[in-house]
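What the coordinates show
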Amino acid sequence: SAPPSAPQVAIRHGRRLIARHPAAIELYPVLIDLMQQQGMLEEADAVLAQFERVDTVGVASALQRARQSLREGDMDRLVLTLVELAERSGRSGDLLELGLAKESVGDLAGAEAVYRQALAQPDAPPDVTYRLASILARQGRTADAESVVAEHGAGLSDGRRELVIGVLLLQAEDKEGA
């Protein structure tokens, strides 16, 4: 029979390493990715399940699950995983990423809620203000968007502030013309 391929040898060694050092969470993503590349999807899922049991914090395994969802094109599972990560961390930067993910799948109400949660934190990046005002303006909620910019817009660059104001003005013109 033919000698095993390099990926097969690497998978075998990865399994042995994990068997010897099951708490070494840095080993799991590499093995999972390699198994997926080799079409060993069920085996990769089993290793991911083991990873989730071992990863007591849960962030590393959730990131791996998010990468797997992205690779498989499963956007619903990806968004759920990002929600889990953002809620677990509670950091405004993570919440910004979650809001962007919700926007990308058309969940503007969900994105708005996440952006508002992020704005309540003292370290909220200026992009949160911009994103929230933009989606409010796109929905025709110009008064709400203006309120967000007035209350939280100090951190916006001049260009971003002008862009949001421009969108608000366009929305107001559209309403007047209707």
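Scroll up to find the structure this text is about.
My aim in this report is to walk through the structure given alongside it, one point at a time. (Residues numbered from 1 in each chain as written. Predicted model: local features only at pLDDT ≥ 70, side-chain atom pairs only at ≥ 80, totals over all residues. Heavy atoms only, no water.)

1. Digging into the overall build of the protein chain
Applicable threshold: Strands here mean DSSP runs of E at least two residues long; helices mean DSSP runs of H or I at least four residues long; both are numbered from the N terminus. Note on areas: Shrake-Rupley with a 1.4 Å probe; residue coverage comes only from the protein chains shown.
When helices and strands are counted, the protein chain shows ten helices and zero strands. Going residue by residue from the N terminus, the α and β elements of the protein chain occur as α-α-α-α-α-α-α-α-α-α. Accessible surface, the protein chain: about 10000 Å² in total, of which carbon and sulfur atoms supply 56%.

2. Re the nonpolar core
How we decide: In this description, a nonpolar core means a group of buried Ala, Val, Leu, Ile, Met, Phe, Trp, Tyr and Cys residues linked to one another through side-chain atoms lying within 4.5 Å. Residue exposure (1.4 Å probe, protein chains only): buried if accessible area is under 20% of the type maximum, exposed if over 50%, otherwise partly exposed. Residues count as neighbours in contact if any of their non-hydrogen atoms are within 4.5 Å of one another.
Y115, V128, L132 and V148 are the most contacted members of the largest nonpolar core, which has 20 residues in total. Examining the composition of this core, we find that six residues originate from one element, helix α8 (residues 126-138), more than from any other. Setting aside chain neighbours within four positions, we find L132 in contact with E112, Y115, R116, L119 and V148. Membership of the second largest hydrophobic core comes to twelve residues, among which are I11, I18, I32 and L48.

3. Overview of the packing of aromatic side chains
Test applied: Aromatic rings from Phe, Tyr and Trp, taking only the six-membered ring of Trp, are treated as a pair when their centres fall within 6.5 Å; an angle between ring planes under 30 degrees marks them as stacked, one over 60 as edge-to-face, and anything in between as tilted.
This structure, assessed with the given rule, holds one aromatic pair. For the ring pair Y28 and F51, a centre distance of 4.9 Å and an interplane angle of 0° mean the geometry is stacked. On the criterion of sequence distance, the pair formed by Y28 in helix α2 (residues 27-37) and F51 in helix α3 (residues 41-54) is long-range, its members being 23 residues apart. Judged by its relative accessible area of 0%, Y28 falls in the buried class.

4. Quick notes on the environment of L31
Considering the arrangement of structural elements, one finds L31 in helix α2. With a relative accessible area of 4%, L31 lands in the buried category. Along the backbone, L31 and I11 are 20 residues apart, and their C-alpha atoms lie at a distance of 6.3 Å. Beyond its immediate stretch of four places on either side in the chain, L31 contacts I11, G14, R15, I18 and V47.

5. Quick notes on the packing of α8 against helix α9 (residues 142-152)
Stated precisely, the cut-off is as follows: Every axis in this analysis is a line fitted to C-alpha atoms, fitted for helices over the stretch in contact. Angles between the N-to-C directions lie between 0 and 180 degrees. Just so you know how the angles are binned, under 35 degrees is roughly parallel, over 145 roughly antiparallel, 65 to 115 roughly perpendicular, and the rest oblique. Note: crossing handedness is left-handed where the near helix turns anticlockwise from the far helix by less than a right angle, and right-handed where it turns clockwise. Gly falls in the polar group here, along with every residue not listed as nonpolar (Ala, Val, Leu, Ile, Met, Phe, Trp, Tyr, Cys, Pro) or charged (Asp, Glu, Lys, Arg).
Two elements in contact, α8 and α9, have axes whose closest approach is 8 Å; the angle formed by their N-to-C orientations is 165°. In terms of their interaxial angle, α8 and α9 are classed as roughly antiparallel. Crossing hand, α8 versus α9: left-handed. Facing T129, L132, A133, L136 and A137 of α8, the residues of α9 in contact are D144, A145, V148, V149 and H152. Residue composition of the contact of α8 with α9, grouped by class: seven nonpolar, two polar and one charged.

6. What to know about the pattern of salt bridges
What counts is decided by this rule: By definition, a salt bridge exists where a carboxyl oxygen of Asp or Glu is found within 4 Å of a side-chain nitrogen of Lys or Arg.
Within this structure, the stated rule accounts for six salt bridges. With its nearest N and O atoms 2.6 Å apart, the salt bridge here joins R131 to E103. You can see R131 sitting in helix α8 and its partner E103 sitting in helix α6 (residues 92-104), a full 28 residues away along the chain. As far as burial versus exposure is concerned, R131 and E103 are alike and both buried. Its salt-bridge partner being R116, residue E112 comes within 3.1 Å of it at the nearest N-O pair. Taken as a pair, E112 and R116 lie in helix α7 (residues 108-119) at a separation of four residues, close to a single helical turn. Judged by its relative accessible area of 12%, E112 is buried. Take R116: its relative accessible area is 36%, and that puts it in the partly exposed class.

The analysis is restricted to geometry; functional conclusions fall outside its scope.
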